[in-house]
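Summary of structural features
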Amino acid sequence: MDQFLKVLEDEVQLIALAFMAVVYMLRIRWLLKFPASRENTPSRGDERAGIAYAMVAIAMPWAMESARKHWTKYAEFAVFHLGVAVAIAVTFILPYWPGLIAGPRAVVAIQAVLALAFLAGVSRFVKRCVRPDLRLISSADDYFSIILLDLYLLSAFFATPNRSAWALIAFFGMTTFFLIYVPFSKISHYLYYPFQKYYLGKHLGHRGVYPKQTGSTNLQPVAK
Ligand code: HEM
């Protein structure tokens, strides 16, 4: 079983990762075929600043009305994604730098993040099931993705101590599945993120809406 695990953690992951990279490169090439439209109206702001603002706005909850009003929802989103990032990091740390998280404190800290992320994911899944507005806009992939991600966080939780071969096989087995499945699922939203933010920032920057400013207007006078 040790040899099976070794191959699963290393060669199998690298092949699956290479597959994901190829699919993403093809998709990025396709996305780049759609140039951003040019605004015909006179500029009232700064497109570059608008793009930069749109890219980082997700990390500025105070600048988003929805996050200010529903900060628990934002916290849930942030904790869930932090857990996903930690689980992804663990897939590299365990096979290549296991010493980094060998100590009991590191294991507990990582497991705490994963457990919180799991709970945030369960809460998001329950909301998606019970809220009629969310049900209306949810596809089968939305439910499947969040269930899968939650199971993944759970498997990362049990694999992190790096002791149980079964837990490690479950974790790296799921990682392999993810690397192949994710490029075709809605979970690929992060690939679209920079493109969507580029278009949004360019448009709202041109109109002087982005970057948002408090207290005064962003608008520059229209050239006569
Ligand atoms: C640049 C990285 C990423 C960004 C900017 C990002 C952003 C977002 C945003 C804005 C949402 C919608 C949140 C909401 O509706 O409240 C979301 C949802 C989601 N993200 Fe990400 N994400 C990223 C990476 C990832 C990764 C790597 C995964 C998993 C491998 C992931 C899994 C999910 C899932 C499953 C949902 C749906 C959650 C639900 O159904 O409630 N995200 N993400």
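Residues numbered from 1 in each chain as written. Predicted model: local features only at pLDDT ≥ 70, side-chain atom pairs only at ≥ 80, totals over all residues.

1. Re the overall build of the protein chain
When helices and strands are tallied, the protein chain shows nine helices and zero strands. Taken from the N to the C terminus, the helices and strands of the protein chain come in the order α-α-α-α-α-α-α-α-α. Along the first, second and third principal axes, the C-alpha atoms of the protein chain reach 75 × 40 × 40 Å. With 224 residues in all, the protein chain has 19% of them scored as buried. Look at the contacts in the protein chain between residues 6 or more apart in sequence, and 77% of them connect residues 24 or more apart. (Helix = DSSP H or I, 4+ residues; strand = E, 2+ residues; numbered from the N terminus. Buried ≥ 20, exposed ≤ 12 C-beta atoms within 10 Å, placed from the backbone. Contact = placed C-beta atoms within 7 Å.)

2. Here we look at unusual backbone geometry
With an omega of -5 degrees, the peptide bond running from Y210 to P211 counts as cis. Here P211 is to be found in the segment after α9 (189-206). Positive phi is not limited to glycine here, since N162 has a value of about 60 degrees. Within the secondary structure, N162 is located in the loop between α7 (140-159) and α8 (165-181).

3. Quick look at the packing of helix α4 (residues 71-96) against α7
Running from amino to carboxyl end, α4 crosses α7 at an angle of 45 degrees, the nearest separation of the two axes being 10 Å. By the angle between their axes, α4 is oblique relative to α7. Here α4 runs over α7; the crossing is left-handed. Taking contact as the criterion, the partners of G83, V84, A87, V90 and L94 in α4 are, on α7, L149, Y152, L153, A156 and A159. Of the residues that constitute the contact of α4 with α7, the class distribution is nine nonpolar, one polar and no charged. (Axes fitted to C-alpha atoms, helices over the stretch in contact; angles between N-to-C directions. Parallel < 35°, antiparallel > 145°, perpendicular 65-115°, else oblique. Left-handed = near helix turned anticlockwise from the far one by under 90°. Nonpolar A, V, L, I, M, F, W, Y, C, P; charged D, E, K, R; others polar.)

4. Description of the site of the ligand
Lining the immediate environment of the ligand, one finds 14 residues, of which V84, R124, S145, I146 and Y190 sit closest. For the shell around the ligand, the element with the most residues is α7, which contributes four residues. Grouping the constituent residues of the shell around the ligand by class yields eight nonpolar, three polar and three charged. (Near = placed C-beta within 6 Å.)

5. Regarding the nonpolar core
In this structure, A87, L114, A117, Y152, L153 and A156 are the most contacted members of the largest nonpolar core, which totals 24 residues. Elements that contribute at least two residues to this core include exactly α4, α5 (104-130), α7 and α8. Broken down by element, this core gets its largest block of residues, eight residues, from α7. Those residues in contact with L114 that sit more than four places away from it in its chain are G83, V86, A87, L153, A156 and F157. Judged by nonpolar contacts, the second largest core, of five residues, contains Y53, A54, L204 and Y210. (Core = buried A, V, L, I, M, F, W, Y, C linked by C-beta atoms within 7 Å.)

6. Structural notes on α7
Since the α-helix turns once every 3.6 residues, residues separated by three or four places project in the same direction. Taking 1.5 Å per residue as the helical rise, α7 with its 20 residues ought to reach 28 Å, and the 28 Å between its terminal C-alpha atoms agrees with that figure. Buried residues of α7: I146, L149, D150, Y152, L153, L154, S155, A156, F157 and A159, and no others. Of the surrounding elements, those touching the buried residues of α7 are α4, α5 and α8. (Expected span 1.5 Å × (residues − 1).)

7. What to know about helix α2 (residues 47-56)
Within the span of α2, buried status applies to G50, I51, Y53 and A54. For α2, the angular spread of the buried residues around the axis is 165 degrees, confining them to a single face. In α2, the exposed residues that point more than 90 degrees away from the buried face are R48 and V56. Residues of α2 that are buried make contact with α9. (Arc of directions from axis to C-beta.)

8. Details of the packing of α2 against α9
Two elements in contact, α2 and α9, have axes whose closest approach is 7 Å; the angle formed by their N-to-C orientations is 135 degrees. Between α2 and α9, the angle falls in the class oblique. Along this stretch, α2 crosses α9, giving a crossing that reads as right-handed. Between α2 and α9, the contacting residues are E47, R48, A49, G50, I51, A52, Y53, A54 and M55 on the first element and P194, K197, Y198, L200, G201, K202, L204, G205 and H206 on the second.

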